[in-house]
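An overview of the molecular structure
Each chain is listed here by its residues.
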Amino acid sequence: MSTHEPWTVSTIGEALGNGELRRQFLAEINSAPVHELSHVAARWQVRVEMLAASAERARKIQTIESEGREIPGDRDVTDKILALAEQARHKGGA
């Protein structure tokens, strides 16, 4: 997803793929009251962005390992993920 294009229900669903996450997302969107739709979508947007970032990181790690190099940086990103989630909650409530 380009950073210049807005997320839509369709693009979030596509980014989740055809699995259980996509079904869960669509069920939440379809059952949410209209006044909560933007909050539900924002939560899932954050999830998609986190999944995409994790997948990109995994691809980089796989490439580095296949080249026999040492993986740089701290592998525990829990604090970073929690900070991003907190930012998303504040943006969604603004």
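Our structure's up above, just so we're on the same page.
Right, let's walk through the structure included here. Keep in mind that this is a model prediction, so the values were computed, not measured.

**With respect to the packing of helix H2 (residues 20-31) against helix H3 (residues 37-66)**
At their nearest, the axes of H2 and H3 sit 10 Å apart, and the two run at 165 degrees to each other. As summarised for this structure, H2 and H3 are arranged roughly antiparallel, according to the angle between their axes. Pair H2 / H3 crosses with left-handed handedness. Residues Leu 21, Gln 24, Phe 25, Glu 28 and Ile 29 of H2 lie in contact with H3, whose contacting residues are Leu 37, Val 40, Ala 41, Arg 43, Trp 44, Arg 47 and Leu 51. Among the residues making up the contact of H2 with H3, the classes are represented as 8 nonpolar, 1 polar and 3 charged.

**Topic: helix H1 (residues 9-16)**
By the burial criterion, the buried members of H1 are Ile 12, Gly 13 and Leu 16. Down the axis of H1, the smallest arc covering the buried residues is 95 degrees, so these residues share one side. Looking at the buried side of H1, the elements it contacts are H2 and H3.

The rules we used
Residues numbered from 1 in each chain as written. Predicted model: local features only at pLDDT ≥ 70, side-chain atom pairs only at ≥ 80, totals over all residues. Heavy atoms only, no water. Axes fitted to C-alpha atoms, helices over the stretch in contact; angles between N-to-C directions. Helix = DSSP H or I, 4+ residues; strand = E, 2+ residues; numbered from the N terminus. Parallel < 35°, antiparallel > 145°, perpendicular 65-115°, else oblique. Left-handed = near helix turned anticlockwise from the far one by under 90°. Contact = heavy atoms within 4.5 Å. Nonpolar A, V, L, I, M, F, W, Y, C, P; charged D, E, K, R; others polar. Buried < 20%, exposed > 50% of the residue type's maximum accessible area, 1.4 Å probe, protein only. Arc of directions from axis to C-beta.

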